Amino acid sequence: MKRFCLIATCVCGLAFSLVGCSGAPSAPSAGSNADTKQAATLVKLSDEDRVSATAQGYCAVMTSEPLGSMGVPLKLSIKDQTIWVCCKGCEKKALANPDQTLAKVAELKAQVISDQSK
Ligand SMILES: [Zn+2]
C-alpha cells in the first residue's frame with residue numbers, strides 16, 4: 001500500500017511537470033493576445049481618439065503600461081493638449097504634475113514614431 005502511494009505521488013509530479021512543459025511554448029503567443037485585447041479596447045474609442053491614443057502608445061504616468069491594456073484609456077486635456085492615461089489613478093497623477101506629464105507624452109510619441117520606423 002505504501003508503495004502505491006509513492007507511485008501516485010510520482011504520477012502527480014509527472015503530470016505537473018507535463019503541464020508545466022506544455023504551458024511553456026504558448027507563452028510567446030500570450031504577448032500577441034495582449035495586443036489583440038489592447039486593439040479590441042481601443043476600437044471602442046472614436047476614430048480620432050484612437051489615432052491620438054495610438055500615437056501616444058503608453059500611459060503618460062505608468063509609461064510601461066500600453067494604453068488599452070487596463071481597459072478603455074482615459075482622455076485628458078492638459079494645456080490644450082490631448083493626452084492619455086491607462087486608469088483613474090494615473091489621471092490624478094497626470095493632473096498633479098502637468099508639465100512633467102506633457103514631457104512624458106512628448107517622449108512617448110517620439111518613442112512610438114521610432115518604433116514604427118524600425
Ligand atoms: Zn494607470
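Residues numbered from 1 in each chain as written. Predicted model: local features only at pLDDT ≥ 70, side-chain atom pairs only at ≥ 80, totals over all residues.

Caption draft 1: Spatial organisation of the overall build of the protein. Counting secondary structure elements, the protein contains five helices and two strands. Walking the protein from its N terminus toward its C terminus, one meets helices and strands in the order α-α-α-β-β-α-α. Nonlocal contacts in the protein, meaning residues at least 24 apart in sequence, comprise 47% of its contacts between residues at least 6 apart. (Helix = DSSP H or I, 4+ residues; strand = E, 2+ residues; numbered from the N terminus. Contact = placed C-beta atoms within 7 Å.)

Caption draft 2: The nonpolar core, seen in detail. Ranked by internal contacts, the top residues of the largest apolar core, which has 14 residues, are Cys59, Ala60 and Val85. Mapped by element, the contributors of at least two residues to this core are β2 (81–85), α4 (88–96) and α5 (98–116). When residues in this core are grouped by element, the largest group, three residues, is from β2. When near neighbours in sequence (up to four residues on either side) are disregarded, valine 85 contacts Cys59, Ala60, Val61, Pro73, Leu74, Leu76, Cys90, Glu91 and Ala94. (Core = buried A, V, L, I, M, F, W, Y, C linked by C-beta atoms within 7 Å. Buried ≥ 20, exposed ≤ 12 C-beta atoms within 10 Å, placed from the backbone.)

Caption draft 3: Seen up close, the confidence of the model for the protein. In the predicted model, the protein carries a mean pLDDT of 82, and 73% of its residues have values of at least 70. The low-confidence segment residues 12–29 (pLDDT under 50) makes zero contacts with residues lying over four places distant or belonging to another chain. (pLDDT = per-residue confidence, 0-100.)

Caption draft 4: Geometry of the pairing of β2. Pairing geometry for strand β1 (residues 74–78) and β2, over five bridges, is antiparallel. If you follow lysine 75 over to β2, its bridge partner there is tryptophan 84. From the end of β1 to the start of β2, which pair antiparallel, there are two residues, and lysine 79 there has a positive phi angle of about 50 degrees. (Pairing = 2+ DSSP bridges.)

Caption draft 5: α5, seen in detail. A rise of 1.5 Å per residue sets the reference length of α5, with its 19 residues, at 27 Å; its end C-alpha atoms lie 27 Å apart and thus fit the reference within 8%. Packed against the buried residues of α5 are α3 (47–56), β1, β2 and α4. (Expected span 1.5 Å × (residues − 1).)

Caption draft 6: Broad picture of the environment of glutamate 107. Of note, glutamate 107 is situated in helix α5. Using a count of 13 C-beta atoms within 10 Å as the deciding quantity, one classes glutamate 107 as partly exposed. Along the backbone, glutamate 107 and alanine 60 are 47 residues apart, and their C-alpha atoms lie at a distance of 9.4 Å.

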